[in-house]
Amino acid sequence: MRVVIQRVSDARVLVNGAVVGEIGTGLLVLVGFGGEDKADFPETPAWRKMLDKLLNLRVFPDPERPDESGKLNLSLTDIGGDLMLVSQFTLYADCKKGRRPSFTDACHPYIAESLFERFVEDARKLAPGGFATGRFGAEMHLDFTNWGPVTIILDSDEL
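Report follows, based on the coordinates. (Residues numbered from 1 in each chain as written. Predicted model: local features only at pLDDT ≥ 70, side-chain atom pairs only at ≥ 80, totals over all residues. Heavy atoms only, no water.)

1. With respect to the overall build of the chain
A tally of helices and strands in the chain yields three helices and eight strands. Taken against the 2.2 N^0.38 rule, which gives 15 Å for 159 residues, the C-alpha radius of gyration of the chain at 16 Å falls within 12% of a compact globule. The dimensions of the chain, computed from C-alpha atoms along their principal axes, are 50 × 40 × 35 Å. Counting all 159 residues of the chain, 42% fall into the buried class. Considering only contacts in the chain between residues 6 or more positions apart, those separated by 24 or more positions represent 73%. Of the accessible surface of the chain, which amounts to about 8,900 Å², a share of 49% is contributed by carbon and sulfur atoms. Distance between charge centroids for the chain: 4 Å, based on 18 positive and 24 negative side chains. (Helix = DSSP H or I, 4+ residues; strand = E, 2+ residues; numbered from the N terminus. Rg over C-alpha atoms; globule rule 2.2 N^0.38 Å. Buried < 20%, exposed > 50% of the residue type's maximum accessible area, 1.4 Å probe, protein only. Contact = heavy atoms within 4.5 Å. Areas by Shrake-Rupley, 256 points an atom, 1.4 Å probe, with all protein chains shown as cover. Lys, Arg positive; Asp, Glu negative; His and termini not counted. Charge placed at Lys NZ, Arg CZ, Asp CG, Glu CD.)

2. Describing the environment of Asn-73
Mapped onto the elements, Asn-73 comes out in strand β5 (residues 72-74). Residue class for Asn-73 comes out buried when judged on its relative accessible area of 13%. Placed ten residues apart in sequence, Asn-73 and Pro-63 show a C-alpha to C-alpha distance of 9.6 Å. Every residue in contact with Asn-73, bar those within four places of it in the chain, is listed here: Arg-58, Phe-60, Asp-62, Arg-65, Glu-68 and Asp-78.

3. Examining the pattern of salt bridges
Under the definition given, this model contains five salt bridges. Linking Arg-2 and Asp-155 is a salt bridge whose minimum nitrogen-to-oxygen distance equals 2.8 Å. Taken as a pair, Arg-2 in strand β1 (residues 2-15) and Asp-155 in strand β8 (residues 140-155) lie far apart in primary sequence, 153 residues in all. With relative accessibility at 10%, the residue Asp-155 sits in the buried group. Among the ionic pairs, Arg-118 bridges to Glu-43, the shortest N-O distance being 3.1 Å. Of this pair, Arg-118 sits in helix α3 (residues 109-126) while Glu-43 sits in the loop between β3 (26-32) and α1 (45-56), and the two are 75 residues apart along the sequence. (Salt bridge = Lys/Arg side-chain N within 4 Å of Asp/Glu carboxyl O.)

4. Examining the packing of α1 against α3
Contact geometry of α1 with α3 gives a least axis separation of 11 Å together with a crossing angle of 50°. Considering their axes alone, α1 and α3 lie oblique with respect to each other. The hand of the α1/α3 crossing is right-handed. Each of Trp-47, Leu-51, Leu-54 and Leu-55 in α1 lies in contact with α3, whose residues at this interface are Leu-115, Arg-118, Phe-119, Asp-122, Ala-123 and Leu-126. The class makeup of the residues in the contact of α1 with α3 is eight nonpolar, no polar and two charged. (Axes fitted to C-alpha atoms, helices over the stretch in contact; angles between N-to-C directions. Parallel < 35°, antiparallel > 145°, perpendicular 65-115°, else oblique. Left-handed = near helix turned anticlockwise from the far one by under 90°. Nonpolar A, V, L, I, M, F, W, Y, C, P; charged D, E, K, R; others polar.)

5. Section: α3
With 18 residues, α3 should cover 26 Å at 1.5 Å per step; its first-to-last C-alpha distance of 25 Å lies within 8% of that length. Listing the buried residues of α3 in full gives Ala-112, Leu-115, Phe-116, Phe-119, Val-120, Asp-122 and Ala-123. Those residues of α3 that are buried lie in contact with β3, α1, β6 (82-87) and β7 (131-133). (Expected span 1.5 Å × (residues − 1).)

6. Here we look at a negative patch on the surface
On the surface, Glu-36, Asp-105, Asp-157 and Glu-158 cluster together into a negatively charged patch. Here Asp-157 shows up in the segment after β8. (Patch = residues over 30% accessible without salt bridge, like charges linked within 9 Å, V, L, I, M, F, W, Y side chains within 5 Å.)

7. Some details on the environment of Met-84
Among the secondary structure elements, Met-84 is positioned in strand β6. Judged by relative accessible area, which is 0%, Met-84 ranks as buried. Sequence separation between Met-84 and Arg-12 is 72 residues; the distance between their C-alpha atoms is 8.4 Å.

Following this line, the structure appears as structure tokens:
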């Protein structure tokens, strides 16, 4: 599992020109599953670590500590921020050969959809603020303001 976390001041996802999800200050997270991620992945320690890291990663400034200007001291949980999850199989693109990415390392869509739905369910229960998602398998347009910019990549194989 790979995620790309972007700290945002606002974000929305559109499908066929219609807004299907929208958040304010928080995290926009692109979520992808690889071929090694199986149906039992939600029962593993890596799954729980990814959720914990996502919600508690200190990527927000602390306005109460102006003397530490620039330091990222607060998490999404600390600030009660919003969370948006968007499925993104292209996180497993292999660009080693040629100019067209290969997606053979991505999880099969049937399994990936089930894993994404479970990740959404688990994250929604823990999310401190507003919550939104894209639509699995749809062509989506993301409109967001990356605050910082702050963009962080997490891979379950590296936790």
